[in-house]
Amino acid sequence: MSEMSVVVAGGCGFIGSHFIRLLLSACPDARILNLDLLTYAGNPANLADLATAPGLAFSRCDIADPDAVRSALTAWNVTPRYVVNLAAETHVDRSVLEPESFLRTNVLGTYTLLELCRGIPGVRFVQVSTDEVYGSLGGAGCFNEDSPLLPSSPYSASKASSDMLVRAWHKTYGLDAVITRSSNNYGPNQFPEKLIPLMILHASSGQELPVYGDGSNVRDWIHVVDHCVGILAAMRQGRAGGIYNFGGDSERTNLQVVNSIVDRICGHRDLIRFVPDRPAHDWRYALDSSRARSELGWRPEVRFEQGLSETIDWYLANDAWWRPILTGEYLRFREQWYGARR
Ligand code: NAD
Ligand code: TYD
């Protein structure tokens with residue numbers, strides 16, 4: 001078994017592509033199999049700079065299809081030391097409209113990968129999860145890894161369910177598994193349905209900026225590279241059965257974030273529209289990451305203002321990346337969701 005042989009599920013997505021890039025720069029000899037179904041959110045262009053990386057293989061594969069996953073592994077012909085699961089349906093608003101694919105990919109897909117791992121001696125499974133499994137906070141305090149799981153949306157319920165499966169496979173079958181839970185990510189290559197890229201693209205083209213409710217909901221923003229450094233540390237050094245929170249120490253209200261973006265791009269705060277709220281909209285997320293700091297020596301390095309400013313520059317300079325993906329499926333969802341909020 002090669003020491004650094006890794007199956008990355010969801011490697012063509014936002015975080016998965018940054019994770020593969022980090023893995024290859026930390027371990028240039030790593031052998032990686034990227035399993036990705038290439039849904040609307042999966043984009044091979046996210047890995048265009050690594051097209052010739054010798055250790056990187058790709059298979060278009062549905063993680064909820066056990067036969068497809070098994071044949072991809074057989075064709076790769078390498079025994080993985082790690083399986084890192086970043087494949088998921090990830091957009092809360094879509095989960096409100098069409099929850100079924102969230103259950104299929106996030107729950108059944110995780111189950112399929114866990115079962116696969118059960119047959120591979122010495123493998124470690126890493127489940128990339130989210131602070132949203134803990135539910136919503138009031139004005140004070142933050143979640144630690146022992147906080148109860150109280151998900152509010154179909155998305156977060158599916159992620160909490162998959163975390164439970166990982167725990168059970170660890171306890172029941174002794175599978176070596178680690179769960180990571182991060183706060184809201186931002187950075188280059190994020191699909192423009194999420195708050196920050198959506199607001200950047202709308203502000204730069206003079207479109208309305210739809211803020212849910214009164215904009216007072218709070219998210220703790222973490223740069224995607226800081227998150228990936230945490231996943232890699234948990235993968236290599238985390239305790240078997242361990243859960244690690246990764247927060248960005250950058251709590252902002254949505255209105256603060258949107259104002260910062262508009263001010264930097266065009267100054268037209270009059271583009272902001274307060275629209276009817278998302279149902280079950282969690283009010284605030286905040287994470288206590290002290291376990292990751294003490295056990296993994298991790299801490300977030302990127303200051304939010306700096307990271308946001310670089311992210312804005314990236315989107316403004318890379319319309320060749322985002323123009324082709326603002327197509328059929330995305331426009332259909334956008335019309336259905338935001339059309340109902342006019
Ligand atoms: P993303 O939507 O950008 O990418 C998801 C990837 O999974 C895509 O490449 C897609 O093609 C692939 N995929 C979807 N269904 C699949 C299936 N059935 N089989 C194989 N591949 C499939 O998501 P992201 O933002 O990169 O999130 C990655 C992981 O991190 C998810 O598990 C998410 O829950 C978690 N997470 C995300 C955030 C965030 O702020 N984005 C925060 C915490 C945790
Ligand atoms: P989002 O990026 O969808 O992440 P999540 O829901 O997983 O936290 O949204 C971040 C915050 O921004 C969330 O409080 C909802 C809010 N939001 C808006 O106000 N308007 C929008 O158009 C979107 C997409 C999100």
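Residues numbered from 1 in each chain as written. Chains lettered and ligands numbered in written order. Predicted model: local features only at pLDDT ≥ 70, side-chain atom pairs only at ≥ 80, totals over all residues. Heavy atoms only, no water.

A few points about the site of ligand 1
Here comes step 1: If you check the shell around ligand 1, you find 28 residues, and the closest are Ile-15, Asp-36, Thr-90, Tyr-155 and Lys-159.
Here comes step 2: Separating an oxygen atom of ligand 1 from a backbone N or O atom of Thr-39 is a distance of 3.1 Å.
Here comes step 3: At 2.9 Å from an oxygen atom of ligand 1 is found a main-chain nitrogen or oxygen belonging to Asn-185.
Here comes step 4: Within the complex, the protein chains bury 97% of what would otherwise be the 840 Å² of accessible surface of ligand 1.
Here comes step 5: Secondary-structure elements contributing two or more residues to the shell around ligand 1 are helix H1 (14-26), strand E5 (124-130), helix H5 (154-173) and strand E7 (184-186).
Here comes step 6: Ranked by residues supplied to the shell around ligand 1, first place goes to E5 with 3 residues.
Here comes step 7: Per-class residue counts for the shell around ligand 1 are 13 nonpolar, 12 polar and 3 charged. (Near = heavy atom within 4 Å. Polar contact = N/O pair within 3.5 Å; in protein donor to acceptor, adjacent residues only side chain to side chain. Areas by Shrake-Rupley, 256 points an atom, 1.4 Å probe, with all protein chains shown as cover. Helix = DSSP H or I, 4+ residues; strand = E, 2+ residues; numbered from the N terminus. Nonpolar A, V, L, I, M, F, W, Y, C, P; charged D, E, K, R; others polar.)

Focus on the packing of aromatic side chains
Here comes step 1: If you walk through the whole model with that rule in mind, you get 14 aromatic pairs.
Here comes step 2: An angle of 85° between the planes, with centres 5.9 Å apart, marks the rings of Tyr-111 and Trp-169 as edge-to-face. Separated by 58 residues along the polypeptide, Tyr-111 in helix H4 (residues 100-118) and Trp-169 in helix H5 bring together distant segments of the chain.
Here comes step 3: According to the relative accessible area criterion, Tyr-111 is partly exposed, its value standing at 35%.
Here comes step 4: Here Tyr-212 and Trp-337 contribute two aromatic rings whose centre-to-centre distance is 6.4 Å and whose plane-to-plane angle is 65°, an arrangement assigned as edge-to-face. (Phe/Tyr/Trp six-rings, centres within 6.5 Å; stacked < 30°, edge-to-face > 60°. Buried < 20%, exposed > 50% of the residue type's maximum accessible area, 1.4 Å probe, protein only.)

A closer look at unusual backbone geometry
Here comes step 1: Unusually for a residue other than glycine, Leu-38 sits at a positive phi of about 55°.
Here comes step 2: Structurally, the position occupied by Leu-38 is in the loop between strand E2 (31-36) and strand E3 (56-60).

Notes on the nonpolar core
Here comes step 1: Ranked by size, the top nonpolar core spans 30 residues in total, and within it Ile-196, Met-199, Leu-209, Val-258, Ile-261 and Phe-304 carry the most contacts.
Here comes step 2: Elements with a minimum of two residues in this core: helix H6 (195-204), strand E8 (209-212), helix H8 (254-265), strand E12 (272-275), helix H10 (304-317), helix H11 (319-322) and helix H12 (328-339).
Here comes step 3: The element contributing the most residues to this core is H6, with 6 residues.
Here comes step 4: Once residues within four sequence positions are removed from consideration, Ile-261 is found in contact with Ile-196, Met-199, Ile-200, Leu-308 and Ile-312. (Core = buried A, V, L, I, M, F, W, Y, C linked by side-chain atoms within 4.5 Å. Contact = heavy atoms within 4.5 Å.)

Some points on the site of ligand 2
Here comes step 1: Near ligand 2 you find 15 residues, and of these Glu-132, Arg-219, Arg-278, His-281 and Tyr-338 are the closest.
Here comes step 2: Within the backbone of Pro-210, an N or O atom sits 2.8 Å from a nitrogen atom of ligand 2.
Here comes step 3: One of the side-chain nitrogen or oxygen atoms of Arg-219 is found 2.8 Å away from an oxygen atom of ligand 2.
Here comes step 4: Against a free-state accessible area of 510 Å², the protein chains account for coverage of 97% of ligand 2.
Here comes step 5: Among the elements that make up the shell around ligand 2, the one with the highest residue count is E8 (3 residues).
Here comes step 6: Counted by class, the shell around ligand 2 contains 6 nonpolar, 4 polar and 5 charged residues.

Comments concerning the side chain of Ser-147
Here comes step 1: Looking at where Ser-147 falls in the secondary structure, it is placed in the loop between E5 and H5.
Here comes step 2: For Ser-147, a relative accessible area of 15% puts it in the buried group.
Here comes step 3: Within the structure, the side chain of Ser-147 is placed 3.0 Å from the backbone nitrogen of Asn-144, a separation counted as a polar contact.

A look at the pattern of salt bridges
Here comes step 1: Tallied over the entire structure, the rule returns 23 salt bridges.
Here comes step 2: Of the charged contacts in the structure, one is a salt bridge between Arg-21 and Asp-49, with a shortest N-O distance of 2.9 Å. Taken as a pair, Arg-21 in helix H1 and Asp-49 in the loop between E2 and E3 lie far apart in primary sequence, 28 residues in all.
Here comes step 3: As a salt-bridge pair, Arg-303 and Glu-305 come within 4.0 Å of each other at their nearest N and O atoms.
Here comes step 4: Overall, Arg-303 belongs to the exposed group, its relative accessible area being 54%.
Here comes step 5: For Glu-305, a relative accessible area of 41% puts it in the partly exposed group.
Here comes step 6: Put simply, Arg-94, Glu-98, Glu-193, Lys-194, Glu-329 and Arg-332 are held in one network by salt bridges that share partners. (Salt bridge = Lys/Arg side-chain N within 4 Å of Asp/Glu carboxyl O.)

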